Amino acid sequence: MKKLLTLLFVSTSLISLTGCSKDDPYTIKIGASSTPHAEILKAIQPLIEEKGYKLDIITFTDYITPNLALEDGDIDANYFQHITYLNDFNVEYSTHLVSLGLIHYEQMAIYKGKKSNLNDISNGDTIIVPNDTTNEARALLLLEQVGLIDLDDSKGLKATKNDIIDNPKNLNILEMNAELIPGVKDDAAFAIINGNYALGAGLTISDSVAVEDGFGPARQAYGNVVAVKEGKQNSEKSKVLLEALTSKTAKDYIKENYAGVVIPLF
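Residues numbered from 1 in each chain as written. Predicted model: local features only at pLDDT ≥ 70, side-chain atom pairs only at ≥ 80, totals over all residues. Heavy atoms only, no water.

Student: Before we go on, may I ask you to explain the overall build of the protein chain in this structure?
Tutor: For the protein chain, the count of helices and strands is eleven helices and 13 strands. Relative to a compact globule of 266 residues, whose C-alpha radius of gyration would be 18 Å, the protein chain shows 19 Å and is just as compact. By its C-alpha atoms, the protein chain is 60 × 35 × 30 Å across when sized along the principal axes. Counting over 266 residues, the protein chain shows a buried share of 52%. Once local pairs closer than 6 in sequence are excluded, the contacts in the protein chain between residues at least 24 apart make up 76%. Roughly 11900 Å² of accessible area belongs to the protein chain as shown, and the carbon and sulfur atoms make up 50% of that amount. (Helix = DSSP H or I, 4+ residues; strand = E, 2+ residues; numbered from the N terminus. Rg over C-alpha atoms; globule rule 2.2 N^0.38 Å. Buried < 20%, exposed > 50% of the residue type's maximum accessible area, 1.4 Å probe, protein only. Contact = heavy atoms within 4.5 Å. Areas by Shrake-Rupley, 256 points an atom, 1.4 Å probe, with all protein chains shown as cover.)

Student: Sorry, what's going on with the environment of Tyr 105 here?
Tutor: For Tyr 105, the position within the fold is in strand 4 (residues 97-106). In sequence terms Tyr 105 and Val 261 are 156 residues apart; their C-alpha atoms lie 8.1 Å from each other. Beyond its immediate chain neighbours, meaning those up to four positions away, Tyr 105 contacts Arg 138, Glu 212, Asp 213, Gly 214, Ala 218, Arg 219, Tyr 222, Val 261, Val 262, Ile 263 and Leu 265. Here the side chain of Tyr 105 touches Glu 212 through a polar contact of 2.8 Å, side chain to side chain. (Polar contact = N/O pair within 3.5 Å; in protein donor to acceptor, adjacent residues only side chain to side chain.)

Student: How should I be thinking about unusual backbone geometry in this particular structure?
Tutor: As a rule of thumb, non-glycine residues mostly have phi less than zero, and peptide bonds are mostly trans rather than cis. Residue Thr 35 is joined to Pro 36 through a cis peptide bond whose omega torsion reads -5°. Position of Pro 36 among the secondary structure elements: in helix 2 (residues 34-43). You will see that Ser 94, though not glycine, has its phi angle at about 55°, which is positive. Along the chain, Ser 94 turns up in the loop between helix 5 (83-93) and strand 4. Residue Asn 170 is not a glycine yet carries a positive backbone phi of 50°. In this fold, Asn 170 is placed in the loop between strand 8 (164-166) and strand 9 (172-176). The class for Asn 170 is partly exposed, based on a relative accessible area of 48%.

Student: When you look at empty space enclosed by the protein in this model, what are you seeing that I'm missing?
Tutor: Across all of its chains, the model carries one cavity of 30 Å³ or more by this definition. For the largest cavity, the full set of lining residues is Tyr 63, Phe 80, Gln 81, His 82, Tyr 85, Glu 106, Asn 135, Arg 138, Asn 194, Gly 195, Asn 196 and Asn 224. Among the elements of the structure, strand 3 (77-82), helix 6 (133-145) and helix 8 (195-200) are those that each provide at least two residues to the lining of the largest cavity. Ranked by residues supplied to the lining of the largest cavity, first place goes to strand 3 with three residues. By residue class, the composition of the lining of the largest cavity is three nonpolar, seven polar and two charged. (1 Å grid on protein atoms, 1.4 Å probe; cavity = no way out; pocket = protein on both sides within 12 Å on 5 of 7 lines; lining within 4 Å. Points joined across faces, edges and corners; volume = space filled by probe spheres on them. Nonpolar A, V, L, I, M, F, W, Y, C, P; charged D, E, K, R; others polar.)

Student: I keep staring at the pattern of salt bridges and nothing clicks. Help me out?
Tutor: Side-chain pairing between opposite charges can occur once the charged atoms of the two side chains come close. Scanning all chains against the criterion turns up nine salt bridges. Between Glu 243 and Lys 51 there is a salt bridge; the shortest N-O distance is 3.9 Å. Of the two residues, Glu 243 is situated in helix 10 (residues 236-245) and Lys 51 in the loop between helix 3 (45-50) and strand 2 (54-60); the sequence distance between them amounts to 192 residues. On the basis of relative accessible area, Lys 51 is assigned to the partly exposed category, the value being 46%. The partner of Asp 186 in a salt bridge is Lys 185, and the shortest N-O contact between them spans 3.2 Å. What makes Asp 186 partly exposed here is its relative accessible area of 48%. Under the relative-accessibility criterion, Lys 185 is labelled buried at 14%. (Salt bridge = Lys/Arg side-chain N within 4 Å of Asp/Glu carboxyl O.)

Student: Whenever I open this one, helix 5 confuses me. Can you help?
Tutor: Among the residues of helix 5, Ile 83, Thr 84, Tyr 85, Leu 86, Asp 88, Phe 89 and Asn 90 are the ones counted as buried. Where helix 5 terminates, the next one or two residues include Ser 94, which has phi positive at roughly 55°.

Student: Just checking my understanding: could you explain the nonpolar core for this structure?
Tutor: In globular proteins that are soluble, nonpolar side chains generally tend to be buried together. If you look at the biggest cluster of nonpolar residues, it comprises 28 residues, and the most contacted ones within it are Ile 30, Leu 41, Ile 48, Leu 55, Leu 241 and Leu 245. For this core, the element with the most residues is helix 10, which contributes four residues. Not counting residues within four places of it along the chain, the set of residues in contact with Ile 30 comprises Leu 41, Leu 55, Asp 56, Ile 57, Ile 58, Ala 77, Asn 78, Tyr 79, Val 226 and Leu 241. Of all hydrophobic cores here, the second largest spans 22 residues; its members include Ala 139, Ala 159, Ile 173 and Ile 192. (Core = buried A, V, L, I, M, F, W, Y, C linked by side-chain atoms within 4.5 Å.)

Student: So what exactly am I meant to see when it comes to the layout of surface pockets here?
Tutor: Empty space among the atoms becomes visible once a probe the size of a water molecule is rolled across them. When its volume is computed, the second largest pocket comes out at roughly 330 Å³. Lining the second largest pocket are 17 residues; nearest its centre among them are Asp 23, Gly 73, Ile 75, Asp 76 and Lys 232. Those elements that provide at least two residues to the lining of the second largest pocket are helix 4 (65-72), strand 12 (223-229) and helix 10. The element that contributes the greatest number of residues to the lining of the second largest pocket is helix 10, accounting for three residues. Looking at the lining of the second largest pocket residue by residue, the classes come out as six nonpolar, three polar and eight charged.

Structure follows, in structure tokens:
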């Protein structure tokens, strides 16, 4: 089922690339998640245009297609993922993608499902977590942070539910595609949701019951980046894009629109 869902999302996203011509010297084609990435890009669009470029924002619904599209040269850049996911993706898919720079950090949080207080957790309750390697580890570390499980310390950002060494409540950790979790969170006791998908579902930090510690290593490990294919770091398009995304305009927009869920890193 996981593979089928991934293929469906890939097929859907590829449709949005139809008609995109490669190597247009005056257009920067960038793949992005709809929230907050595409919204931030729209806010800095005038800065791109001032430099003589058109910004073509292509939205994706999954975490795989925008990297494959970048590797294949169908887009010039993408902006949707944190640096740890990017690094792991390169290893798993033999891609050659690099970060231009850290742009923002999205806090991951535990959101209410059937229950609204962590103190009400019962034996055998289900908690939904993302199923990709880096975000699953991140979710499990959050569950450890709030005292619900203990993990094998040696696994770190590679931890899976198989690395839980103590689970006193016998919690059922249900792995699922990250983009699907907001729609089914009410079927479980709680759900752990990535910041961009939480925002897309109209959720804010105030709707959560616990948030990861955003003042430690998480900011760097899970900082969202703008990525390009290796060798394109010093292209004029890359320079223009990075300058706009690290501008005062971008910083002000992030601070004013995301109620602390999204934090600028520049």
